Amino acid sequence: MIINNFIVFEGIDGAGTTTQLKKLKEVFSDDELEITAEPTSLETGKFLRRLLKGEFEADPKTAAFLFAADRCEHIWGKGGVYEKCESGKIVVSDRYIFSSLAYQGVSAGTALPEKLNEDFPLPRLLFYFKINPEVSLKRVLSRGGNLEIYEKLEYQKQTAANFDRVIGEYDGTPKGSGMKVITIDAEKTPEEIHQIILKEIESLKK
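Below is a summary of the structure that appears in this document. (Residues numbered from 1 in each chain as written. Predicted model: local features only at pLDDT ≥ 70, side-chain atom pairs only at ≥ 80, totals over all residues. Heavy atoms only, no water.)

### Some points on helix α3 (residues 60-76)
Note the threshold: Strands are runs of DSSP state E lasting at least 2 residues, helices are runs of H or I lasting at least 4, and numbering of each runs from the N terminus. What a helix is expected to span follows from its residue count: subtract one and scale by 1.5 Å. Each residue's exposure class comes from its accessible area (1.4 Å probe, protein chains only) as a fraction of the maximum for that residue type: buried when under 20%, exposed when over 50%, partly exposed otherwise. The arc refers to the directions leading from the helix axis to the C-beta atoms. What qualifies as a polar contact is a pair of N or O atoms within 3.5 Å, subject to a donor-acceptor requirement within protein and to the restriction that residues adjacent in sequence count only when both atoms come from side chains.
Here α3 spans 24 Å end to end across 17 residues, near enough to the 24 Å set by a 1.5 Å rise per residue. Listed in full, the buried residues belonging to α3 are Ala63, Ala64, Phe67, Ala68, Asp70, Arg71, His74 and Ile75. On an axial view of α3, the arc spanned by its buried residues comes to 165 degrees, and they lie on one face. Here α3 starts with a cap whose side-chain oxygen sits 2.8 Å from the backbone nitrogen of lysine 61, and that cap is aspartate 59.

Shown next, in the form of structure tokens:
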């Protein structure tokens, strides 16, 4: 299943998705386009963000279930992605199932994340921000503050490899039927990337 008007940004930490989301807010009104993220701002997502900050520990398999539960509310809950897209609004999410397959695929193995996420619908557009993990981690470190539990170079390298594998399984294959994948060189300038994204979103609106 494809959700029309649903767009997803994916990539490892520091790939530049947040910067591009801010640029979209400068172009589109709230009535035209809504930006969301996973973990969500719902109670399920708030709990997950505490986990990511290292405030408590959980088995990696537990984390995989928690991400899937938050995603279920994000997509199907009242006022969620499906409802908004059906009303004609464009919704852009910073992270979706592909993050679970990449990140939890490292810590919990590939089988469980695949099982938990196999029934979620796909977006119409998927932007994959591809970047060298060493470059992306330097960006993360430049922000200051405490690192999250996944923001370690070796983990990011494994996650980046998983992203390449996962995106390849969907891009131009029957598994990703109906979804367009746009791979972006995330080391391009923010403005160059912004123009690529705008062109694709304008095509979606036609």
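Now, onward.
### Some thoughts on the sheet that holds strand β5 (residues 180-185)
Put simply, the rule reads: At least two bridges found by DSSP between two strands are what make those strands a pair. Simply put, an axis is a line fit to the C-alpha atoms, just over the touching stretch for a helix, and the angle between two N-to-C directions goes from 0 to 180 degrees. Contacts are residue-level and defined by heavy atoms, with any inter-residue pair within 4.5 Å sufficient.
Pairing within the open sheet is parallel, and its 5 strands lie in the order β2-β3-β1-β4-β5. Each having just a single partner strand, β2 (33-37) and β5 make up the two edges of the open sheet. The mean inter-strand angle of the sheet, taken between neighbouring strand axes irrespective of direction, is 20 degrees. Its contacts with the sheet put helix α8 (residues 153-170) on β1 (2-10), β4 (122-130) and β5, and the angle it makes with β4 is roughly 145 degrees.

### Comments concerning the packing of aromatic side chains
Rules: Aromatic rings from Phe, Tyr and Trp, with only the six-membered ring used for Trp, were paired whenever their centres fell within 6.5 Å, and each pair was classed as stacked if the ring planes differed by under 30 degrees, edge-to-face if by over 60, and tilted otherwise.
Taken as a whole and assessed by the stated rule, the structure comprises 12 aromatic pairs. An angle of 85 degrees between the planes, with centres 5.4 Å apart, marks the rings of phenylalanine 9 and phenylalanine 127 as edge-to-face. One end of the pair, phenylalanine 9, is in strand β1; the other, phenylalanine 127, is in strand β4, with 118 residues separating them in the sequence. Comparing phenylalanine 9 with phenylalanine 127, the two get one shared label, buried. Feature note: the residues Tyr103, Tyr128, Tyr150, Tyr155 and Phe163 constitute an aromatic cluster, connected by ring pairs.

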